[in-house]
Amino acid sequence: GAGVSQSPRYKVAKRGQDVALRCDPISGHVSLFWYQQALGQGPEFLTYFQNEAQLDKSGLPSDRFFAERPEGSVSTLKIQRTQQEDSAVYLCASSQFSSTDTQYFGPGTRLTVL
Amino acid sequence: GQQVMQIPQYQHVQEGEDFTTYCNSSTTLSNIQWYKQRPGGHPVFLIQLVKSGEVKKQKRLTFQFGEAKKNSSLHITATQTTDVGTYFCAGEGNTDKLIFGTGTRLQVFP
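Now for a look at the structure at hand. Given the structure is predicted, the values throughout are model-derived calculations rather than measurements.

Quick notes on the side chain of Glu 92 of chain B
Consideration 1: Mapped onto the secondary structure, Glu 92 of chain B falls in strand β9 (residues 85–92).
Consideration 2: No salt bridge is formed by the buried Glu 92 of chain B; the nearest opposite charge belongs to Lys 97 of chain B, separated by 11 Å.
Consideration 3: When residues no more than four places from it in sequence are discounted, the contact partners of Glu 92 of chain B are Ser 99 and Thr 100 of chain A together with Leu 29, Ser 30, Asn 31, Lys 97 and Leu 98 of chain B.

Following this line, the structure appears as structure tokens:
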């Protein structure tokens, strides 16, 4: 594809609901990253995939957060039993090969938990 | 853990003035990247620096990587209103992940 796409762009959830956020990376990109960006802050690393392998999930804030990339392309970030502190923009980025390559960001999903 | 700080947090300048943001890491970096994020937008890659003491230029933007590979700076000459946004540095240490700085938000008044 022309760029990284994410859906939905906006999501409002009631506290306790589960949400699923989707990322379509640039076609052929090996690496995929998820970040969380709170208002006025820089993106914070959540997790990293190389193809279908999740190589680093050290940034996931709790066991309510789960990410997968089963076929090495599209990825889904799932948040179970959402809490108000989960409200943020969730950014997905992909790079051609490794984490040292340029990362191309998607437009993000703005999650608001009421 | 690794931390990356940027100063200043905010900078307001008159169009035509220069602007500099400074980035400092608590640990030595293998490389540093700079991103620009427009209001309501997503980070867009600007440049990557790898070598100690490296200086790179992109039109009015000058990027430097410190000799100790723990700090970096971005300087914009003669700012324009199109330069408005938040500038983030992002450093890669001895892990696979980028640690983003706190960002400097630039506002340019015409």
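Following the structure, the description resumes.
Side note on the sheet that holds strand β3 (residues 19–24) of chain A
Residues and elements named next belong to chain A.
Consideration 1: If you trace the four strands from one edge of the open sheet to the other, you get β1-β3-β8-β7, paired in antiparallel fashion. Edge strands, defined here as strands with exactly one partner in the open sheet, are β1 (5–7) and β7 (65–68). Each strand axis lies, on average, 15° off the axis of its neighbour in the sheet, ignoring direction.

Some points on the sheet that holds strand β7 (residues 61–65) of chain B
Residue and element names in this part refer to chain B.
Consideration 1: The strand order across the open sheet built from five strands is β1-β3-β8-β7-β6, with neighbouring strands paired in antiparallel fashion. Two strands lie at the open edges of the sheet, namely β1 (4–7) and β6 (55–58), each paired on one side alone. Taking each pair of neighbouring strands and ignoring which way they run, the sheet shows an average axis angle of 15°.
Consideration 2: Where β7 and strand β8 (residues 71–76) come together, five bridges link them in antiparallel fashion. Looking at the pairing, Leu 61 lines up with Ile 76 of β8.

Comments concerning the interface of chain A and chain B
Consideration 1: Between chain A and chain B, the contact holds 18 residues from the first and 16 residues from the second.
Consideration 2: In total, chain A and chain B occlude about 1,400 Å² of area from one another, counting both sides; carbon and sulfur atoms represent 53% of this.
Consideration 3: The largest contributions to the chain A side of the interface with chain B come from Pro 43, Thr 100 and Phe 105 of chain A, which together make up 30% of the buried area.
Consideration 4: Counting across the interface, chain A meets chain B through one salt bridge.
Consideration 5: For Asp 56 of chain A, the salt bridge identified is with Lys 97 of chain B, shortest N-O distance 3.9 Å.
Consideration 6: Inspection of the chain A/chain B interface yields three residue pairs in polar contact (both at pLDDT 80 or more).
Consideration 7: Secondary structure elements with two or more residues in the side of chain A that touches chain B: β4 (31–37) and β5 (44–50) of chain A.
Consideration 8: Its residues assigned to classes, the side of chain A that touches chain B comprises seven nonpolar, nine polar and two charged.

Some remarks on the pattern of salt bridges
Residue and element names in this part refer to chain B.
Consideration 1: Here the structure, examined in full by the defined rule, presents six salt bridges over all chains.
Consideration 2: In this structure, the salt-bridge partner of Asp 83 is Arg 60, at a minimum N-O distance of 2.9 Å. Of this pair, Asp 83 sits in the loop between β8 and β9 while Arg 60 sits in the loop between β6 and β7, and the two are 23 residues apart along the sequence.

Here's the deal with the environment of Leu 49 of chain B
Residues and elements named next belong to chain B.
Consideration 1: Within the secondary structure, Leu 49 is located in strand β5 (residues 44–49).
Consideration 2: For the pair Leu 49 and Gln 107, spaced 58 residues apart in sequence, the C-alpha separation works out to 25 Å.
Consideration 3: Not counting the four nearest positions on each side in its chain, Leu 49 is found in contact with Asn 31, Ile 32, Glu 54, Lys 56, Phe 63, Gln 64, Phe 65 and Ser 72.

A short note on the pairing of strand β6 (residues 53–56) of chain A
Residue and element names in this part refer to chain A.
Consideration 1: Here β5 pairs with β6 via three bridges, running antiparallel. Bridge pairing links Gln 50 to Ala 53 in β6.
Consideration 2: Hairpin remark: β5 followed by β6, antiparallel, with two residues in the connecting loop; positive phi at Asn 51, about 55°.

Rules behind the numbers
Residues numbered from 1 in each chain as written. Chains lettered and ligands numbered in written order. Predicted model: local features only at pLDDT ≥ 70, side-chain atom pairs only at ≥ 80, totals over all residues. Heavy atoms only, no water. Helix = DSSP H or I, 4+ residues; strand = E, 2+ residues; numbered from the N terminus. Buried < 20%, exposed > 50% of the residue type's maximum accessible area, 1.4 Å probe, protein only. Lys, Arg positive; Asp, Glu negative; His and termini not counted. Salt bridge = Lys/Arg side-chain N within 4 Å of Asp/Glu carboxyl O. Contact = heavy atoms within 4.5 Å. Pairing = 2+ DSSP bridges. Axes fitted to C-alpha atoms, helices over the stretch in contact; angles between N-to-C directions. Buried area = accessible area lost by both parts, 1.4 Å probe. Polar contact = N/O pair within 3.5 Å; in protein donor to acceptor, adjacent residues only side chain to side chain. Nonpolar A, V, L, I, M, F, W, Y, C, P; charged D, E, K, R; others polar.

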